[in-house]
Amino acid sequence: MARSLANIIYKGAAAFPAARSTASGSFYQGIFRFSTSVPNDPDTHEDFRPTTKGGSSGLSLKDIVEQDVKENPVMIYMKGVPELPRCGFSALAVRVLKEYNVPLSARNILEDLELKTAVKGFSHWPTFPQIFIKGEFVGGSDIIVSMHQSGELKEKLKDVAGKQQ
Amino acid sequence: MASRMAAISRASRIKTKLETALQAAVLEVEDVSHQHAGHAAVREMEGGAQETHFNVRIVSAKFHGQNLVKRHRMVYELLSDELNSGLHALSITAKTPSEAAVDTQP
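Scoring rules and cut-offs
- Every residue gets a number counted from 1 within its own chain, in the order that chain's sequence is written.
- Naming scheme: in the order in which they are written, chains are lettered from A and ligands are numbered from 1.
- Owing to the predicted nature of the model, reporting of local features is limited to residues with pLDDT of at least 70; listing and counting of side-chain atom pairs is limited to 80 or more, with chain, interface and lining totals taken over all residues.
- Side-chain measures here rest on the full set of heavy atoms in the structure, leaving out hydrogens and waters.
- UniProt positions are given in the numbering used here, feature names are shortened, and annotations may be inferred rather than shown by experiment.
- Where helices and strands are cited, they refer to DSSP runs of H or I of at least four residues and of E of at least two residues respectively, numbered from the N terminus.
- Under this definition, polar contacts are N or O atom pairs within 3.5 Å; protein pairs additionally need one hydrogen-donor-capable and one acceptor-capable atom, and for neighbouring residues in sequence, both atoms have to be side-chain atoms.
- In this description, contact between two residues means that some pair of their heavy atoms is separated by no more than 4.5 Å.
- Accessible area, probed at 1.4 Å, shrinks when two parts are joined; the buried area is that loss added up over both.
- Salt bridges, as used here, are contacts in which a Lys or Arg side-chain nitrogen is within 4 Å of a carboxyl oxygen on Asp or Glu.
- Note on residue categories: nonpolar means Ala, Val, Leu, Ile, Met, Phe, Trp, Tyr, Cys or Pro, charged means Asp, Glu, Lys or Arg, and polar means any other residue, Gly included.
- Burial here depends on accessible area, computed with a 1.4 Å probe over protein chains only, as a share of the maximum for the residue type. Under 20% is buried, over 50% is exposed, and the range in between is partly exposed.
- Here the arc refers to the set of directions running from the helix axis out to each C-beta atom.
- A pair of strands is treated as paired once DSSP finds two or more bridges between them.
- Here, axes are lines fitted to C-alpha atoms. For helices the fit covers the stretch in contact, and angles between N-to-C directions go from 0 to 180 degrees.
- Scored from 0 to 100, pLDDT records how confident the predictor is in each individual residue.

Chain B is annotated in an unreviewed UniProt entry as Chloroplast sulfur E from Perilla frutescens var. hirtella. UniProt lists a comment for chain B under the heading Sequence similarities (unreviewed entry), and it reads "Belongs to the BolA/IbaG family."

As recorded in an unreviewed UniProt entry, chain A goes by Glutaredoxin 4 and comes from Perilla frutescens var. hirtella. According to UniProt, the comment filed for chain A under the heading Sequence similarities (unreviewed entry) is "Belongs to the glutaredoxin family. CGFS subfamily."

This is the structure in structure tokens:
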């Protein structure tokens, strides 16, 4: 509890760097002193690293990946964003998936090296893009193209597409 | 000249590693790094776009009974040293001899 409270306050503080470095410095020190789970240097703890995820506090990157693939029927970790891929393979995978008119969730791993590492560790797959369908890792762009050609992808996305209609 | 020699060496290392482990009936390794010369991740690397992207086509009986993810994993595992030393991406076609035979029919 202390940890998440500290996190919230820290985030608030980060939004106002001037305030943090001046009058309120001792206040935050106090918070950290009473918190048992926060290490001495808050800047190195993963809860306190800059985050672009907007997820709830206290989640590790692995938790975030797990949550991503569980909650999003079609999840792609890619270079760039679906509207503007930064790699030909990512572009190809997005183009194939868009054929099926399914809700596509994406994260840009170029923006977050730690997320990139976490995804690689989660899937044990060395390259990007990486595509997960209904929680299952299906592979990269070669595999998605191959599944598209064989009809396997259509079969896999059948009920996903149905939900959206 | 130096870059050309280096390109040959990675391609031939890939070839040797896959050939030995997979006893491939067909094995084609094509360096397509030049196609990705402007790639963000490649630009950031020292020395620019050299030996980073390859197309690999493998026909091997060892792929029998393995789905695509497993086949690709087999290839990635064999090439993990390369992936850790600057090999950036592989485009992999992995088929069994019988699947490859179907493909070549008119």
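Past the structure itself, the notes keep going.
1. A word on the side chain of Ser 123 of chain A
The topology assignment puts Ser 123 of chain A in helix α6 (residues 113-123). Separated by 2.5 Å, the side chains of Ser 123 of chain A and Gln 130 of chain A make a polar contact. With residues near it in sequence (within four places) discarded, Ser 123 of chain A still touches Gln 130, Phe 132 and Phe 137 of chain A together with Arg 73 of chain B.

2. A look at the side chain of Gln 130 of chain A
Tracing the backbone shows Gln 130 of chain A in strand β5 (residues 130-133). Those residues in contact with Gln 130 of chain A that sit more than four places away from it in its chain are Met 75, Ile 76, Tyr 77, Val 119, Lys 120, Ser 123, Trp 125, Phe 137 and Gly 139 of chain A.

3. A few points about the interface of chain A and chain B
Contact residues are listed per partner, giving 15 residues for chain A and 16 residues for chain B. Both faces considered, chain A and chain B share a buried interface measuring about 1,300 Å² in area, 65% of it formed by carbon and sulfur atoms. On the chain A side of the interface with chain B, the three residues burying the most area are Phe 89, Trp 125 and Asp 142 of chain A, jointly 36% of the side's total. The interface formed by chain A and chain B includes 0 salt bridges. One can count 6 residue pairs in polar contact (both at pLDDT 80 or more) joining chain A with chain B. Mapped onto the side of chain A that touches chain B, the elements with two or more residues apiece are β6 (136-139) and α7 (141-150) of chain A. Counted by class, the side of chain A that touches chain B contains 7 nonpolar, 5 polar and 3 charged residues.

4. Comments concerning α6 of chain A
Every buried residue of α6 of chain A is accounted for by Leu 115, Lys 116, Ala 118, Val 119 and Ser 123 of chain A. Axial view of α6 of chain A: buried residues confined to an arc of 165°, hence all on one face. Away from the buried face of α6 of chain A by more than 90 degrees, exposed residues Leu 113 and Thr 117 of chain A are located. Looking at the packing, one finds that the buried side of α6 of chain A touches α4 (61-71), β1 (74-78), β4 (105-108), β5 and β6 of chain A together with α3 (68-78) of chain B. Capping the start of α6 of chain A is the job of one residue whose side-chain oxygen sits 3.1 Å from the backbone nitrogen of Glu 114 of chain A: Asp 112 of chain A. Phi turns positive, to about 55°, at His 124 of chain A, one or two residues after α6 of chain A.

5. What to know about unusual backbone geometry
Leave glycine aside and you will find that most residues have negative phi; peptide bonds, for their part, are mostly trans. All names here are of chain A. Geometrically, the link from Phe 128 to Pro 129 is a cis peptide bond, its omega value of 10° lying close to zero. In this structure, Pro 129 sits in the loop between α6 and β5. Despite not being glycine, Asn 101 shows a phi value in the positive range, around 55°. Within the element layout of this structure, Asn 101 appears in the loop between α5 (88-98) and β4. For Lys 134, which is not glycine, the phi torsion reads 50° and is therefore positive. With respect to the element layout, Lys 134 can be found in the loop between β5 and β6. What makes Lys 134 partly exposed here is its relative accessible area of 43%.

6. What to know about the sheet that holds strand β1 (residues 26-31) of chain B
All names here are of chain B. Read from one edge to the other, the open sheet built from 3 strands follows the order β1-β2-β3, with strand pairing classed as mixed. Each of the sheet's edge strands pairs with one partner strand only, and the pair in question is β1 and β3 (89-95). Each adjacent strand pair in this sheet contributes to an overall mean axis angle of 10°, direction not counted. As paired elements, β1 and strand β2 (residues 53-59) share 6 bridges and run antiparallel to each other. The residue bridging Val 26 from the neighbouring strand is Val 59, located in β2. In the packing of helix α5 (residues 97-104) onto the sheet, contacts are made with β2 and β3, and the angle to β3 comes to roughly 90°.

7. Some remarks on the confidence of the model for chain A
Residues and elements named next belong to chain A. Of all residues in chain A, 62% attain a pLDDT of 70 or more, and the chain-wide mean is 76. For chain A, the element scoring lowest by mean pLDDT is helix α3 (residues 25-34), at 38; β5 scores highest, at 98. Note that residues 8-42 has pLDDT below 50 and, in this model, 28 contacts with residues that lie over four places away or in other chains.

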